[in-house]
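Here is what each chain is made of, one letter per residue.
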Amino acid sequence: MPKQNTKSNRVHQAIILATAACALLPLQACQKTLLKKDDPRSPFDRYNQTRAQHAPPFLEDEFGRRTPNLRDRLVKSEE
């Protein structure tokens, strides 16, 4: 009989531990980001900003959806 109690105790402990981990997981998302959105991401971004050739990283279409501005960013770096 004691083996069943230890198994059920372990199951209960595992459930409590998993519940606690799930409860604490969203707290990690409340941290500040490491890089601000205007910070240069690479030496190439810094080079483009100093020469006023900086292209915005995202564009919004007529429906308000954000899409990466890959074309302008790649064309500006090649010129």
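Small disclaimer: the values here were computed from a predicted structure and weren't measured.

Definitions and cut-offs
- Residues numbered from 1 in each chain as written.
- Predicted model: local features only at pLDDT ≥ 70, side-chain atom pairs only at ≥ 80, totals over all residues.
- Heavy atoms only, no water.
- Helix = DSSP H or I, 4+ residues; strand = E, 2+ residues; numbered from the N terminus.
- Areas by Shrake-Rupley, 256 points an atom, 1.4 Å probe, with all protein chains shown as cover.
- pLDDT = per-residue confidence, 0-100.
- Phe/Tyr/Trp six-rings, centres within 6.5 Å; stacked < 30°, edge-to-face > 60°.
- Lys NZ or Arg CZ within 6 Å of the ring centre and 35° of its normal.
- Contact = heavy atoms within 4.5 Å.
- Salt bridge = Lys/Arg side-chain N within 4 Å of Asp/Glu carboxyl O.
- Buried < 20%, exposed > 50% of the residue type's maximum accessible area, 1.4 Å probe, protein only.

Caption draft 1: Region of the structure containing the overall build of the chain. Looking only at helices and strands, one finds three helices and two strands in the chain. In the chain, the succession of helices and strands from N to C terminus is α-α-β-β-α. For the chain, the computed accessible surface area is about 7800 Å², with 60% contributed by carbon and sulfur atoms.

Caption draft 2: Structural detail: the confidence of the model for the chain. Taken over all residues, the pLDDT of the chain has a mean of 76, while the share at 70 or more is 78%. Per-element mean pLDDT across the chain ranges from 69 in helix α3 (residues 70-78) up to 88 in strand β2 (residues 66-68).

Caption draft 3: View of the packing of aromatic side chains. One pass over the structure, following the stated rule, counts zero aromatic pairs. When the ring centre of phenylalanine 58 is taken as origin, the NZ or CZ atom of arginine 66, which lies over that ring, is 4.0 Å away.

Caption draft 4: Structural context of the environment of leucine 59. Along the chain, leucine 59 falls in strand β1 (residues 58-60). Note: C-alpha distance between leucine 59 and leucine 70 (eleven residues apart in sequence) is 9.5 Å. In this structure leucine 59 touches Arg65, Arg66, Thr67 and Asn69, once residues within four positions along its chain are discounted.

Caption draft 5: Representation of the pattern of salt bridges. Taken as a whole and assessed by the stated rule, the structure comprises one salt bridge. One salt bridge in this structure joins aspartate 61 and arginine 65, with 3.1 Å as the shortest N-O distance. Overall, aspartate 61 belongs to the partly exposed group, its relative accessible area being 25%.

Caption draft 6: Quick look at the environment of proline 57. Along the polypeptide, proline 57 turns up in the loop between α2 (43-50) and β1. As a C-alpha pair, proline 57 and threonine 67 span ten residues in sequence and 8.7 Å in three-dimensional space.

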